[in-house]
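# Summary of the model geometry
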Amino acid sequence: MDMPDYHFFVCASFRVSGEAQGVCNKKGAVGLIQHLESEISDRDLNAVVSSTGCLKMCTKGPVMMLYPQGLTFGEVTEDKIDEIMDAIEEGGDLAALAL
Ligand code: FES
């Protein structure tokens with residue numbers, strides 16, 4: 001597999017104990033990961049998703065980072081993910097959607 005063009009890191013508030021707690025998890029991060037995976041597949045993007053522990057921006061949760069673009073998105077919803085996917089597909093301004 002080629003290196004992904006887009007690597008999303010979604011805070012799911014995982015802790016070392018394996019127990020997921022925290023703002024992003026409570027605000028539905030796991031469902032957002034599923035939506036993101038589904039959109040990537042539907043749009044056939046060269047992108048991968050990783051779930052993370054707390055990214056230390058809880059007040060902006062759910063939080064998601066994108067590399068190598070180096071962008072951070074806050075208050076992520078399914079609609080915002082769709083906007084981000086549209087911007088990727090259409091060459092839109094991803095940075096305008098970031099924090
Ligand atoms: S729990 Fe997601 S940034 Fe802290």
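Overview of the structure. (Residues numbered from 1 in each chain as written. Predicted model: local features only at pLDDT ≥ 70, side-chain atom pairs only at ≥ 80, totals over all residues.)

## Some thoughts on the nonpolar core
Within the largest apolar cluster, 20 residues are counted, with the highest numbers of intra-cluster contacts made by V10, C11, A29, L32, L36 and M64. Of all the secondary structure elements, the ones that give two or more residues to this core are strand 1 (6–14), helix 2 (29–42), strand 3 (64–67) and helix 3 (78–90). With five residues, the single largest contributor to this core is helix 2. (Core = buried A, V, L, I, M, F, W, Y, C linked by C-beta atoms within 7 Å. Buried ≥ 20, exposed ≤ 12 C-beta atoms within 10 Å, placed from the backbone. Helix = DSSP H or I, 4+ residues; strand = E, 2+ residues; numbered from the N terminus.)

## Comments concerning the sheet that holds strand 4 (residues 71–73)
In space, the four strands of this open sheet follow the order 2-1-3-4, with mixed pairing throughout. Strands at the two margins of the open sheet, each flanked by one partner only, are strand 2 (47–53) and strand 4. Adjacent strand axes in the sheet meet at a mean angle of 25° when their direction is disregarded. Where strand 1 meets strand 2, seven bridges bridge the pair, whose relative direction is parallel. Looking at the pairing, F8 lines up with V49 of strand 2. (Pairing = 2+ DSSP bridges. Axes fitted to C-alpha atoms, helices over the stretch in contact; angles between N-to-C directions.)

## Points about the pairing of strand 3
Where strand 1 meets strand 3, four bridges bridge the pair, whose relative direction is antiparallel. Bridge pairing links H7 to Y67 in strand 3. Between strand 3 and strand 4, which pair antiparallel in sequence order, lie three residues; one of them, G70, sits at a positive phi of approximately 70°.

## Topic: the environment of P68
Mapped onto the secondary structure, P68 falls in the loop between strand 3 and strand 4. Assessed through the 10 C-beta atoms surrounding it within 10 Å, P68 is described here as exposed. C-alpha of P68 to C-alpha of E78: the two residues are 10 residues apart in sequence and 22 Å apart in space.

## Here we look at unusual backbone geometry
Here the bond from G61 into P62 is cis, since omega is -5°, no more than 30 degrees from zero. Relative to the helices and strands, P62 is located in the loop between strand 2 and strand 3. Residue P68 is reached from Y67 by a cis peptide bond, and omega for that bond is 10°. Of note in the backbone geometry, D44 takes a positive phi value of approximately 55° without being a glycine. Residue position: D44 is located in the loop between helix 2 and strand 2. At K56, a position not held by glycine, the phi torsion is positive, near 65°.

Purely spatial values, then, with no claim about function.
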